[in-house]
Amino acid sequence: MEAPVQTASLSKIDFRKKLVQYTLEKKQLTNVVARVGIVLDISGSMQTLYKNGTVQEVVERILAVACKFDDNGTLDVWVYDNEYSRLPSVTERDFGQYVDKHILNNDRIHKFGRNNEPPVMEDVIRKYTVEENDPTPVFIIFINDGGVVKSIKHTITHSAVQPIFWQFVGIGNSNFEVLKRLDTMEGRIVDNASFFHLDDIAAVSDEDLYDQLLNEFPMWIKAAKEQRIIRP
């Protein structure tokens with residue numbers, strides 16, 4: 001009985017890839033190649049969203065973006081609370097039950113504590129600028145349900161010279177005051193971070209989600225090229 005479920009899942013991701021392609025065309029991003037990563041808040045307040053399948057659905061929705069941007073169709077994954085874990089990357093071949101297998105049923109991952117963003121952000125920077133020193137731009141989608149520590153400002157400012165764009169997505173009804181001020185942060189060579197808020201990410205259509213996710217990325221690509229942060 002599992003084969004029809006997997007076929008249905010593949011059909012859904014194929015449809016989502018078409019929506020991403022439409023969005024890329026609309027935003028003139030069809031010639032952009034980028035590495036894509038997702039950072040998932042796994043602090044205590046996120047527990048319900050992990051257990052009811054919302055986070056699995058988010059991973060699948062973002063995978064469609066990676067499939068269109070990345071030549072390898074690979075989505076890199078991190079989770080964090082007051083600790084962080086870099087997880088196996090996910091592809092179309094193995095996204096089914098990813099959250100259950102690699103997160104919820106993985107005893108090595110620290111779960112449902114308090115949130116602390118800078119350590120996981122530093123690991124993202126380390127992966128893409130030290131371990132894999134590659135000029136290809138990086139698009140990081142950062143899912144958080146509030147209470148971001150103020151010291152992320154230093155990390156974002158420090159990483160502005162790197163080919164990394166941080167797209168923060170706030171979910172739920174918590175406090176996002178730090179993230180709301182990202183666009184007005186000073187002291188950066190380019191604006192390398194953006195934020196938008198969704199009360200209920202599960203209720204947002206794929207088309208609307210992709211439109212918001214890719215809203216400011218084109219502007220960063222242009223500015224990063226002008227400053228030679230991204231080079232041919």
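Check the entry above for the structure.
In this report, the structure presented in the accompanying data block is examined. (Residues numbered from 1 in each chain as written. Predicted model: local features only at pLDDT ≥ 70, side-chain atom pairs only at ≥ 80, totals over all residues. Heavy atoms only, no water.)

**Considering the side chain of Q167**
Piece 1. Looking at the secondary structure, you find Q167 in strand β5 (residues 164–171).
Piece 2. A relative accessible area of 0% places Q167 in the buried class.
Piece 3. Here the side chain of Q167 touches S194 through a polar contact of 3.4 Å, landing on its backbone oxygen.
Piece 4. When neighbours within four sequence positions are excluded, Q167 is seen to be in contact with F139, I140, I141, F142, S194, F195, F196, Q212 and L213. (Helix = DSSP H or I, 4+ residues; strand = E, 2+ residues; numbered from the N terminus. Buried < 20%, exposed > 50% of the residue type's maximum accessible area, 1.4 Å probe, protein only. Polar contact = N/O pair within 3.5 Å; in protein donor to acceptor, adjacent residues only side chain to side chain. Contact = heavy atoms within 4.5 Å.)

**Side note on the sheet that holds strand β1 (residues 35–41)**
Piece 1. Ordered in space as β3-β2-β1-β4-β5-β6, the six strands form an open sheet in which the pairing is mixed. Pairing within the sheet leaves two strands with one partner each, and these edge strands are β3 (84–90) and β6 (193–198). Each strand of the sheet is rotated relative to its neighbour by a mean of 20 degrees, with strand direction disregarded.
Piece 2. One ladder, built from seven bridges, connects strand β4 (residues 138–144) with β5; its direction is parallel. For N144, the partnering residue across the bridge sits in β5 and is G170.
Piece 3. Together, β4, β5 and β6 form the strand contacts of helix α8 (residues 206–213), whose direction differs from that of β6 by roughly 155 degrees. (Pairing = 2+ DSSP bridges. Axes fitted to C-alpha atoms, helices over the stretch in contact; angles between N-to-C directions.)

**Digging into the pairing of strand β2 (residues 75–80)**
Piece 1. With respect to burial, β2 is a largely interior element, six of its six residues being buried.
Piece 2. Where burial is concerned, the two faces of β2 agree: the one with L75, V77 and V79 and the one with D76, W78 and Y80 are both buried.
Piece 3. Sheet topology places β1 next to β2; six bridges connect them, and they run parallel. The partner of G37 across the bridge, within β2, is D76.
Piece 4. Sheet topology places β2 next to β3; five bridges connect them, and they run antiparallel. Looking at the pairing, V77 lines up with L87 of β3.

**Focus: helix α9 (residues 217–226)**
Piece 1. Every buried residue belonging to α9 is among F217, P218, W220, I221 and A224, and all of these are buried. End-on view of α9: buried residues confined to an arc of 160 degrees, all on one side of the axis. In α9, the exposed positions that point more than 90 degrees away from the buried face belong to M219, K222 and E226.
Piece 2. In the core, the buried residues of α9 are packed alongside α3 (54–69), β4 and β5. (Arc of directions from axis to C-beta.)

None of the figures reported here should be taken as evidence of function without further support.
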